[in-house]
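Structural overview for review
The residues making up each chain are set out below.
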Amino acid sequence: MEVFILENYDEISKKASEIISEELKQKPNLKLGLATGSSPIGTYKELIKEYESGNISFKDVVAFNLDEYVGLNKNHNQSYHYFMRENFFNKIDIKEENCFIPNGSAKDLEEEVKRYDNLLEEYNYADIQILGIGENGHIAFNEPNFTLSADTSVVNLTDDTINANSRFFKHKKDVPKTAITMGLKGILSSRKIILIASGEKKARAIKQLLIGKVTTSNPSTFLNLHKNVIILIDKEAAKLL
Ligand code: GLP
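Rules of the game
- Residues numbered from 1 in each chain as written.
- Predicted model: local features only at pLDDT ≥ 70, side-chain atom pairs only at ≥ 80, totals over all residues.
- Heavy atoms only, no water.
- Helix = DSSP H or I, 4+ residues; strand = E, 2+ residues; numbered from the N terminus.
- Rg over C-alpha atoms; globule rule 2.2 N^0.38 Å.
- Buried < 20%, exposed > 50% of the residue type's maximum accessible area, 1.4 Å probe, protein only.
- Contact = heavy atoms within 4.5 Å.
- Areas by Shrake-Rupley, 256 points an atom, 1.4 Å probe, with all protein chains shown as cover.
- Lys, Arg positive; Asp, Glu negative; His and termini not counted.
- Charge placed at Lys NZ, Arg CZ, Asp CG, Glu CD.
- 1 Å grid on protein atoms, 1.4 Å probe; cavity = no way out; pocket = protein on both sides within 12 Å on 5 of 7 lines; lining within 4 Å.
- Points joined across faces, edges and corners; volume = space filled by probe spheres on them.
- Near = heavy atom within 4 Å.
- Polar contact = N/O pair within 3.5 Å; in protein donor to acceptor, adjacent residues only side chain to side chain.
- Sits in = over half its atoms within 2 Å of the grid points.
- Nonpolar A, V, L, I, M, F, W, Y, C, P; charged D, E, K, R; others polar.

Assigned secondary structure in the protein chain consists of 7 helices and 10 strands. Here the C-alpha atoms of the protein chain give a radius of gyration of 17 Å, agreeing with the 18 Å that 2.2 N^0.38 yields for 241 residues. Considered along the principal axes of its C-alpha atoms, the protein chain spans approximately 45 × 45 × 35 Å. Burial analysis of the protein chain (241 residues in total) assigns 53% to the buried set. Residue pairs at least 24 apart in sequence account for 78% of intrachain contacts in the protein chain once pairs closer than 6 positions are excluded. Here the protein chain has roughly 11,400 Å² of accessible surface; of this, 47% comes from carbon and sulfur atoms. With 31 positive and 34 negative side-chain charges, the protein chain shows a spacing of 2 Å between the two charge centroids.

This is the structure:
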């Protein structure tokens, strides 16, 4: 695990974008694992700038997202489909048919999680997976629990996560209680993982992650089992180290 403690969020975003851009130049048909939340927005902005400058192209890239709320349709302004279009996909030359996100409004969710895992397997997983981290250590929507799912699954969100994510919704009651999330197998099968964390609120989860032990009470600690993880944090998130 390589840890970079950077000055601030902008520096994290630039570093993440640099790593991804380099890989993309080497491999134009890169398979990118993407995340939502506020953490990767700066990285997307930097990548868009690189694209606009003509330094990189996403025309042969395949993208897989980590998760989606259950019950929000693709056009709901808090759905992760909407988030990805607004913050990234609509601003680059990626092909719509190469963008995969779990469908949280699928009629048969059990079929949908199987479909998503089959897809990941078929493409042989991401080359680079971008990850944020929840204040409680969740990655994607894999929440602290007695057990964690290896496969993509439908999960109940914890009160902590519902509270944290309620800032994006008008009322707390509007936050969905369940989500589809890629499981630990999908995440850990990526060739390289970049985890981004900024701000003091993430400091406790980061400290636990970097102790180097694995516990289901902080799902991010499973990244200790992976050989190629880059942690990009700012000084606030590194406060307890
Ligand atoms: C959500 C997402 C996660 C994300 C986390 C942290 O719950 N499902 O993928 O990492 O929030 O979000 P933020 O980056 O806004 O702090």
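Estimates place the volume of the largest pocket at around 730 Å³. Around the largest pocket sit 38 residues that line it, and G37, S38, N165, R167 and F168 are the ones nearest its centre. Among the secondary structure elements, those contributing two or more residues to the lining of the largest pocket are β4 (67–69), α3 (80–87) and α5 (159–165). Counted as a void, the second largest pocket has a volume near 350 Å³. Considering the residues around the second largest pocket, the lining is formed by 14 residues, among which H81, R85, E96, C99 and I101 are closest to the centre.

Around the ligand there are 13 residues in total, and S38, S39, D67, H138 and K202 lie nearest to it. Side-chain polar atom of S39 to an oxygen atom of the ligand: 2.5 Å apart, as the coordinates give it. A distance of 3.2 Å is found between an oxygen atom of the ligand and a side-chain nitrogen or oxygen belonging to N165. Contact with the protein chains removes 95% of the 390 Å² of surface that the ligand exposes when unbound. In this structure, the ligand is accommodated by the largest pocket. In terms of residue class, the shell around the ligand is made up of 4 nonpolar, 6 polar and 3 charged.

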